[in-house]
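# Structure assessment
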Amino acid sequence: MKLTGAQALIKSLEQEGVEVIFGLPGGAILPVYDPLIDSTIRHVLVRHEQGAGHMAEGYALATGRPGVAMVTSGPGATNIVTAISNAHMDSTPIVVITGQVASAAIGTDAFQECDITGITMGITKHNFLVRDVQDIPRAVAAAFHIATTGRPGPVLVDLPKDLAQSTMEWWYPSSLEELDLPGYQPAVAASPSLIEAASRLISDSSRPVLYVGGGALKSEAWDELRSFAERTQIPVVTTLMARGVFPDSHPLNLGMPGMHGVYSAVTALQRADLLITLGARFDDRVTGKVSAFAPEARVIHVDIDAAEHHKVRRADVAIRSDVKTVLRAWESERVLPRDLSEWWGQINEWRAQYPLVYDPPTEEGLLRPQAVIEAIAESAPAGTIVTSGVGQHQMWASQFWPFEEPRTWVNSGGAGTMGFGVPAAIGAKAGRPERTVWCIDGDGCFQMTAQELVTARAEGIPIKVAILNNAYLGMVRQWQEMFYEERYSEVYLSPDLPDYVKWAEAMGCVGLRATNLAEMRAAIDKANSIHDVPVVIDFRTDSSEKVFPMVAAGASNDDIMVHPLQRSAQ
Amino acid sequence: MNTPEPFLGDVPHSPVRHHILSVLVENKSGVLARVAGLFARRGFNIFSLAVAPAETSARFSRITIVVDAESAPLEQIVGQLSKLVNVVSISDLAPKDAIERELMLATIRTNVDDRTGLLDVVGTSGAAIVDVDSHSVTLMLSGTPAACDVLERELENYDTLELHRTGRVALPRLGKRASA
């Protein structure tokens, strides 16, 4: 069967089971948009290419399937770079198709030419510049294979326009050998002797903590994690990337560790004699000052990526494996730590003394952002997916939203990409349309990618957006208040400019505003009653609110600052 | 004077902080940029790097990289390198387990009637004269990096117009083969 390169690309995506592409056409990718008309694949037309990338990420994080974005060459490609970098930092499987100028024009500074494979070399798991039309199926199949196996990540396929227009004889790789990836061996068998060595460390521990990261979600290890934790009674902390992998309501879950982690989670890691690290990478936002992190702990480090072992913290036992396999092995060995009653006694004291708190809201004052999040959560159906941007609102969302289910928390962790929330919510909702999707956003983040609400309305993707509008770049403001003697530099945004309600309405959404508790409840109720169009609520929140607990950048986790309400007790 | 044994001086005198990675890669465009880019962005230092087609087939090339094992732990360098999809295999050679060789070319300004001293150096170092004209000679030494170091120091006493070293290539000593 003869196909054009463009037809072969679309057919290859169909072969991979792609159900939706987030994209925006342009000159170099134009030939590919023609066969798309005849495809079963849905296309979501974004308003900016960065949005396409974050939508693909949101789709992947909410569904566990790879997200796909397609853009044109030059500025189309560079606009999606931020999302690629974000996916790289968070190991999110996405495949990005970029158009490229015609093969003969490459290297001549042609119109809308840019070296996108060069630009993204350091921020993709791998990328391809296709040089032969016959190779299109192989490139696409290899891209999906690489993106979704081992430690997942973004893969970019750059397709010169002339290849899309030329003809090929259709084929599709039917085996891994045909992908021609002699250097790619993601599958590893966990070493039984290392699993055994780790078991001995567990048996020998009396203050263990399960330090659970995003890798536990990637390997879909939630059932195994729960059985293991319940049988061993080892306390669990879930990093920002792992929220939802273990229910927040579970008594063994201490919550999030790190810079804005729960006191008991942070301190349990600090005082532990054993860290059972599952798909986490000792990020600086978790460890604080590395030399002062968990000083008494031995370390078991399970990671599918061997390069994470000993990168930040030397492990006593480093196991290259997915999380699920190791948990299953430990389960079959029935490994148990020593008596943990003293350890739990200590942890429960910390829990009782330093729970997450915030200043009580008043009926008439500005809203407490934490109260807004709790109120939304209380009225949200079970299984609601939450996305966020980056900053204070993100930390509050992670702290105060009760996550009970895997893949219900979609956020930007490693890269810290402001503006992630709205497009990620659209991608999540496109992938799981039966779920309610709330984006908890900040006013600064919202302004970065809000135009994608036009996409959401036009494509019939009814997400809900809660802007915690404190009129500031809040996290920067918090640092300036605490560490720069309240010298506020370039952080004020204004609560009224733009007018978020009018802006929402202009984009075809329902716009609501809430300035006090009564309006907050009414606005949330109204939003919950709307199922056909996106809703945006402008919640006016108190700009003096800060995220606590907090460990200052570069400080030891021992020097955690709790909420002012708790300081007299300290 | 510390004169090395020419050609056969196979016990390296180079500092121990370096490590040799013999990296088999797919022979595809951009692969060298991927390897070099990885070293740059991770802050790993390279002492030298040599690329050539590998013995097995035209599909592969071998990159010999001499890395600064003090700029980052070797396991971290190998671990990150292994993740490049185009990297097929990595042999990590400790200097004592490797045969290392390097090639040096140097052009020295010297008149026809004033070459005795230089010819002496050439003779004792095991170098060879590969080009001559009336006012200069070009010598070549292929030997251990240490032998090249010694000759380079010797040549400081002469008017060296140009000097070029290839950077080392290496293979495991027989009986010491191990790969990562």
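All values reported here derive from a predicted model rather than from experimental measurement.

## What about the overall build of chain B?
- Each helix and strand in chain B was counted, giving four helices and nine strands.
- Going from N to C terminus, chain B has its helices and strands arranged as β-α-β-β-α-β-β-α-β-β-α-β-β.
- For chain B, with 180 residues in total, the buried portion stands at 34%.
- Considering only contacts in chain B between residues 6 or more positions apart, those separated by 24 or more positions represent 76%.

## Here's the deal with the overall build of chain A
- In terms of helices and strands, chain A carries 23 helices and 20 strands.
- Summarising its shape, the C-alpha atoms of chain A cover approximately 75 × 60 × 40 Å along the three principal directions.
- A burial count over chain A gives 57% of its 570 residues as buried.
- Relative to all contacts within chain A whose residues are 6 or more apart in sequence, the contacts with residues 24 or more apart total 77%.

## Brief notes about the domain arrangement of chain B
Residues and elements named next belong to chain B.
- Partitioning chain B into structural domains gives domain 1 (18–98) and domain 2 (99–170).
- The centre of domain 1, based on its C-alpha atoms, is set 29 Å off from the matching centre of domain 2.
- Tallying the contact residues gives nine residues for domain 1 and seven residues for domain 2.
- Among the secondary structure elements, those contributing two or more residues to the side of domain 1 that touches domain 2 are strand E1 (18–26), strand E2 (46–53) and strand E3 (60–68).
- Take the side of domain 1 that touches domain 2: its biggest share by element is three residues, from E2.
- Across the side of domain 1 that touches domain 2, the residue classes break down as six nonpolar, three polar and no charged.

## Observations concerning the environment of A:Ile146
- Examined against the element boundaries, A:Ile146 turns out to sit in helix H7 (residues 136–148).
- Separated by 38 residues in sequence, A:Ile146 and A:Tyr184 place their C-alpha atoms 8.1 Å apart.

## Topic: the pairing of strand E19 (residues 510–514) of chain A
All names here are of chain A.
- With respect to burial, E19 is a largely interior element, four of its five residues being buried.
- Where E19 and strand E20 (residues 535–540) come together, five bridges link them in parallel fashion. Directly across from Arg513, in E20, lies its bridge partner Asp538.
- Remark: the E19/helix H23 (residues 517–529)/E20 crossover connection has right-handed handedness.

## Considerations on the domain arrangement of chain A
All names here are of chain A.
- When its domains are assigned, chain A resolves into domain 1 (2–179), domain 2 (192–353) and domain 3 (369–540).
- Taking the mean C-alpha position of each, domain 2 and domain 3 sit 31 Å from one another.
- Counted by class, the side of domain 2 that touches domain 3 contains seven nonpolar, three polar and three charged residues.

## Re the interface of chain A and chain B
- Opposite the 13 residues of chain A that make contact, chain B presents 16 residues.
- Residue classes in the side of chain A that touches chain B are distributed as seven nonpolar, five polar and one charged.

## Considering the nonpolar core
- Counting residues in each nonpolar core, the largest one holds 207 residues, and the members touching the most others are A:Leu9, A:Ala69, A:Ala143, A:Val157, A:Val212, A:Leu275 and A:Ala466.
- Considering every element that reaches this core, the biggest residue donor is H7(A), with nine residues.
- The contacts of A:Ala143, once residues within four sequence positions are left out, are A:Val95, A:Phe128, A:Val155 and A:Val157.
- Core analysis: the next-biggest nonpolar cluster, separate from the first, contains 12 residues, B:Ile108, B:Val122, B:Ala127 and B:Val150 among them.

## Considering helix H5 (residues 81–89) of chain A
Residues and elements named next belong to chain A.
- Among the residues of H5, Val81, Thr82, Ala83, Ile84, Asn86 and Ala87 are the ones counted as buried.
- Among the structural elements, helix H3 (49–63), helix H4 (75–79), strand E5 (94–100), helix H6 (116–119) and strand E7 (154–160) are those in contact with the buried residues of H5.
- After H5 finishes, the residue Ser91 shows a positive phi value of roughly 55°.

## Side note on the sheet that holds strand E9 (residues 208–212) of chain A
Residues and elements named next belong to chain A.
- Taken in spatial order, the six strands make up an open sheet running E11-E10-E9-E12-E13-E14, and their pairing is parallel. Looking along the sheet, the strands with just one partner apiece sit at the ends: strand E11 (253–255) and strand E14 (317–320). Averaged over all neighbouring strand pairs, the angle between strand axes comes to 20°, with direction disregarded.
- Relative to strand E10 (residues 236–238), E9 runs parallel, the two being bridged by three bridges. In the strand pairing of E10, Leu210 is matched with Val236.
- Taken strand by strand, helix H12 (residues 263–271) contacts E9, E10, E11 and strand E12 (274–278), and its axis lies near 105° from that of E11.

Cut-offs used in this document
- Sequence order as written defines residue numbering, which begins from 1 separately in each chain.
- To label them, take the chains in the order written and letter them from A, then take the ligands in the order written and number them from 1.
- The model is predicted, so local features are restricted to residues of pLDDT at least 70 and side-chain atom pairs to those at 80 or more, both for listing and for counting; the totals for chains, interfaces and linings are taken over all residues.
- Secondary structure elements follow DSSP: runs of H or I no shorter than four residues count as helices, runs of E no shorter than two count as strands, and numbering proceeds from the N terminus.
- Three exposure classes are used, all based on how many other C-beta atoms lie within 10 Å of a residue's own C-beta (placed from the backbone): buried at 20 or more, exposed at 12 or fewer, and partly exposed between those limits.
- Contacts are defined on C-beta atoms placed from the backbone: any two residues whose C-beta positions lie within 7 Å are in contact.
- Where each domain starts and ends follows an automatic or database-derived domain assignment.
- Residue classes follow a fixed rule: Ala, Val, Leu, Ile, Met, Phe, Trp, Tyr, Cys and Pro count as nonpolar, while Asp, Glu, Lys and Arg count as charged, and any other residue, Gly among them, counts as polar.
- For two strands to be treated as a pair, DSSP must find at least two bridges joining them.
- Crossover handedness is defined by viewing with both strands directed away from the observer: a clockwise path from the first strand over the helix to the second marks the crossover as right-handed.
- We define a nonpolar core as a collection of buried residues of the types Ala, Val, Leu, Ile, Met, Phe, Trp, Tyr and Cys that are connected via C-beta atoms lying within 7 Å of each other.
- Interaxial angle, 0 to 180 degrees, is taken between N-to-C directions of lines fitted to C-alpha atoms, where a helix line uses only the stretch in contact.

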